[in-house]
Amino acid sequence: DFVKALAREPDAAAQGGEALRYAASAVLKSGDAVRWLPNALPGHGPKFYVAVFCSIILLLFLVKNVFLLASQLLMSRLVYKVSINLRQAVFRKLLHTSTHVFEERKSGELGHLFSIETIRTQSTIELTLLLVQKGLLAAFYLLAIIIISWELTLGMTAVVVTVALVAAVLQGRLKNRGDER
């Protein structure tokens, strides 16, 4: 197994330092993430497999950032179209409004109201889309984490809940002591 060889290889540890040895031992413990690599690309040494694995990780980060950029471009185009449609709809509504509304109010007041309501609606739509997008991303990451290691996920969930409960108890005690003084 290339991971065991990497963990034992002295010149790889000397070249990569302790980080390489630590990474090799971590992969050796979990192992499932990289076991397919020697089968897919047989006949190479451990350094090659580490380089390929690191390249795959960098490629995944690049793909994620390309999708993030595409998402931002599409979101900006959508917000632009929504703002144009919204302003046109409000303008048509103003054109069909009776004249006594314009006589009772100042022109600056109507312009300000027009601007504020358009901005509020745009912001609401943009933030709702962003919330949905980030929620789906978080759900995907959570699903990926659970699929990769459900034991670790359950363990970390237990640790987080325990820390949260201890923090809540300590906060309550500190608040009570603060109120006593």
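Note that the coordinates shown come from a computational prediction; the quantities given were computed from them, not determined experimentally. (Residues numbered from 1 in each chain as written. Predicted model: local features only at pLDDT ≥ 70, side-chain atom pairs only at ≥ 80, totals over all residues. Heavy atoms only, no water.)

K.L.:
Help me understand the overall build of the chain, please; the structure alone is not making it clear to me.
P.N.:
If you tally the helices and strands in the chain, you get seven helices and zero strands. Reading the helices (α) and strands (β) of the chain from amino to carboxyl end gives α-α-α-α-α-α-α. Within the chain, the fraction of its 181 residues that count as buried is 14%. Sequence-distant contacts, at least 24 apart, represent 55% of the contacts inside the chain between residues at least 6 apart. Only carbon and sulfur atoms are counted for the fraction: they give 69% of the accessible area of the chain, which is about 14400 Å². (Helix = DSSP H or I, 4+ residues; strand = E, 2+ residues; numbered from the N terminus. Buried < 20%, exposed > 50% of the residue type's maximum accessible area, 1.4 Å probe, protein only. Contact = heavy atoms within 4.5 Å. Areas by Shrake-Rupley, 256 points an atom, 1.4 Å probe, with all protein chains shown as cover.)

K.L.:
Can you help me understand the pattern of salt bridges in this one?
P.N.:
Close approach of charged atoms lets side chains of opposite charge pair. The final tally for this structure, using the stated rule, is one salt bridge. Here Arg120 and Glu117 are joined by a salt bridge, their closest N and O atoms 3.2 Å apart. Taken together, the residues Arg120 and Glu117, both in helix α6 (residues 107–148) and three residues apart, mark about one turn of the helix. (Salt bridge = Lys/Arg side-chain N within 4 Å of Asp/Glu carboxyl O.)

K.L.:
Got a minute to help me understand the confidence of the model for the chain in this structure?
P.N.:
Detail in the predicted coordinates should be disregarded across regions flagged by low pLDDT. The predicted model of the chain averages 77 in pLDDT, with 80% of residues at 70 or higher. Here residues 9–20 is modelled with pLDDT under 50, and outside its nearest four sequence neighbours on either side it reaches 14 contacts, counting other chains as well. (pLDDT = per-residue confidence, 0-100.)

K.L.:
I'm lost on the packing of aromatic side chains in this one. Help?
P.N.:
Aromatic rings in a pair are described by how distant their centres are and how their planes are angled relative to each other. Going through the model one piece at a time under the given rule, you end up with one aromatic pair. Judged by centre distance (6.2 Å) and plane angle (45°), the ring pair of Phe140 and Tyr141 falls under tilted. Overall, Phe140 belongs to the exposed group, its relative accessible area being 53%. (Phe/Tyr/Trp six-rings, centres within 6.5 Å; stacked < 30°, edge-to-face > 60°.)

K.L.:
Got a minute to help me understand the side chain of Ser83 in this structure?
P.N.:
Inspection of the secondary structure puts Ser83 in helix α4 (residues 46–95). Judged by relative accessible area, Ser83 falls into the buried class, the value being 7%. A polar side-chain atom of Ser83 sits 3.5 Å from a polar atom in the side chain of Gln122. (Polar contact = N/O pair within 3.5 Å; in protein donor to acceptor, adjacent residues only side chain to side chain.)

K.L.:
For this particular structure, what's the right way to read the layout of surface pockets?
P.N.:
If a probe as big as a water molecule is rolled over the atoms, it shows which places are left empty. In this structure, the largest pocket spans a volume of roughly 690 Å³. What lines the largest pocket is a set of 19 residues, and nearest its centre among them are Leu60, Lys64, Leu137, Phe140 and Tyr141. When residues of the lining of the largest pocket are traced back to their parent elements, those giving at least two are α4 and α6. Of the residues contributing to the lining of the largest pocket, the split by class is 14 nonpolar, three polar and two charged. (1 Å grid on protein atoms, 1.4 Å probe; cavity = no way out; pocket = protein on both sides within 12 Å on 5 of 7 lines; lining within 4 Å. Points joined across faces, edges and corners; volume = space filled by probe spheres on them. Nonpolar A, V, L, I, M, F, W, Y, C, P; charged D, E, K, R; others polar.)

K.L.:
What am I meant to see in α4 here?
P.N.:
The periodicity of an α-helix, 3.6 residues per turn, causes residues three or four places apart in sequence to face the same way. For α4, built from 50 residues, the straight-helix expectation of 74 Å at 1.5 Å per residue is met to within 8% by its first-to-last C-alpha distance of 73 Å. Listed in full, the buried residues belonging to α4 are Pro46, Tyr49, Val52, Ser71, Met75, Val79, Ser83 and Leu86. (Expected span 1.5 Å × (residues − 1).)

K.L.:
Please explain a nonpolar patch on the surface as it appears in this structure.
P.N.:
Together, Leu59, Leu62, Val63, Val66 and Phe67 make up an exposed nonpolar region whose accessible area comes to about 500 Å². As for its position among the elements, Val66 is in helix α4. What makes Val66 partly exposed here is its relative accessible area of 49%. (Patch = residues over 30% accessible without salt bridge, like charges linked within 9 Å, V, L, I, M, F, W, Y side chains within 5 Å.)

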